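Report on the structure
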Amino acid sequence: MNWGIIGTGNMGTVIMNALIKSNAVDERNIYVNNRTFLKAYQLKDDYPGIHVLQTVDAIADTCDVIFLCTKPKEIVSIAHRLNGQLNEKQLVVSITSSVSVNHLEQLLGCQTARMIPSITNRVLQGTTLLTFGSTITEEMKQMLTQTCKLFSSPLEIDDQYVRVASDLVSCGPAFISYLLQSMIKAAQEETGLDEKTATQLVETMMIGYGKLLDENLYDLNSLKEKVMVKGGITGEGMKALELCVPNGLNEVFKATHQKFYNEQGHADELVNQLTTKN
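Residues numbered from 1 in each chain as written. Predicted model: local features only at pLDDT ≥ 70, side-chain atom pairs only at ≥ 80, totals over all residues. Heavy atoms only, no water.

Between its first and last C-alpha, helix α8 (residues 195-214) extends 28 Å over 20 residues, near the 28 Å set by a 1.5 Å rise per residue. Where α8 terminates, the next one or two residues include N216, which has phi positive at roughly 55°. (Helix = DSSP H or I, 4+ residues; strand = E, 2+ residues; numbered from the N terminus. Expected span 1.5 Å × (residues − 1).)

Turning our attention to the packing of helix α7 (residues 162-191) against helix α10 (residues 233-277). Orientation of α7 relative to α10, taken along the N-to-C sense of each, is 115°, at an axis distance of 11 Å. Relative to α10, the crossing made by α7 is right-handed. Across the interface between the two elements, V162, R163, V164, D167, L168 and F175 of α7 pack against V252, F253, T256, H257 and F260 of α10. (Axes fitted to C-alpha atoms, helices over the stretch in contact; angles between N-to-C directions. Left-handed = near helix turned anticlockwise from the far one by under 90°. Contact = heavy atoms within 4.5 Å.)

For helix α6 (residues 138-149), built from 12 residues, the straight-helix expectation of 16 Å at 1.5 Å per residue is met to within 8% by its first-to-last C-alpha distance of 16 Å. Regarding α6, the residues found buried are M140, L144, T145, T147 and C148. Along the long axis of α6, the arc covered by the buried residues comes to 160°, so they all point the same way. Along α6, exposed side chains directed more than 90 degrees from the buried face belong to E138 and E139. (Buried < 20%, exposed > 50% of the residue type's maximum accessible area, 1.4 Å probe, protein only. Arc of directions from axis to C-beta.)

Moving on, we come to the packing of aromatic side chains. For the structure shown, the criterion picks out 3 aromatic pairs. Between F37 and Y41 the ring centres are 5.9 Å apart and the planes differ by 35°, which places this aromatic pair in the tilted class. Residue F37 and its partner Y41 are both found in helix α2 (residues 37-41); the two are separated by 4 residues, about one turn of the helix. For F37, a relative accessible area of 35% gives the class partly exposed. Ring geometry for F260 against Y261: centres 5.4 Å apart, planes inclined by 50°, an arrangement best described as tilted. (Phe/Tyr/Trp six-rings, centres within 6.5 Å; stacked < 30°, edge-to-face > 60°.)

Okay, here's the thing in structure tokens:
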């Protein structure tokens, strides 16, 4: 089976790395295409066995599973372009929340799915979110799910929760990085501790924190309670966090959902325009 990746930006590269590193797919069975041909070809420095194709049409002619890893508007345009070139045995996968399987099904006559990855998949960890089209076969559904299990914990997600789940799974690492960087900056400003030392302390703390969860020694709540001795210093710091953090996080989800609804609306309009022309 041949696997195609259209768009070799951050997430396209994460998917390729995860497929190869987990031994889910032999690199000789991976075909990539990118608008900037040189950028795609540079991936051969790490994976010399992959194939770089110059057109999306060549991907369609060669691959059984095709990941569309571009911006939402481009995903819709590429799907429309590929209509008529794909058969019912092939699978096209969107990797963005705002382009749904319903959008793909309106544009394509092949099997469809949506898979939202996380940068954590690069180290064969984290979750992938899956949504399946109405025409996908049980065999293809199981094949994609089992493949994802080799580098993640796949979860089939309802459309109504796909955005918030994406915030936690895919956006989460960026949000946490920002919070940790803010913690480092505050430590510098309030105490004079140098940035290098503060960063080292935070990064090693996070590695250990992840292992505590990974080994099921604690869950989020029990870990917090274990550290926060009653009447202690941690408790005083927690009081300050409780005053400033919760409302800010509510605003995060409001902002991501507003952006999602806008992008989804644009995708709806573009799909309607393209299907009406046909």
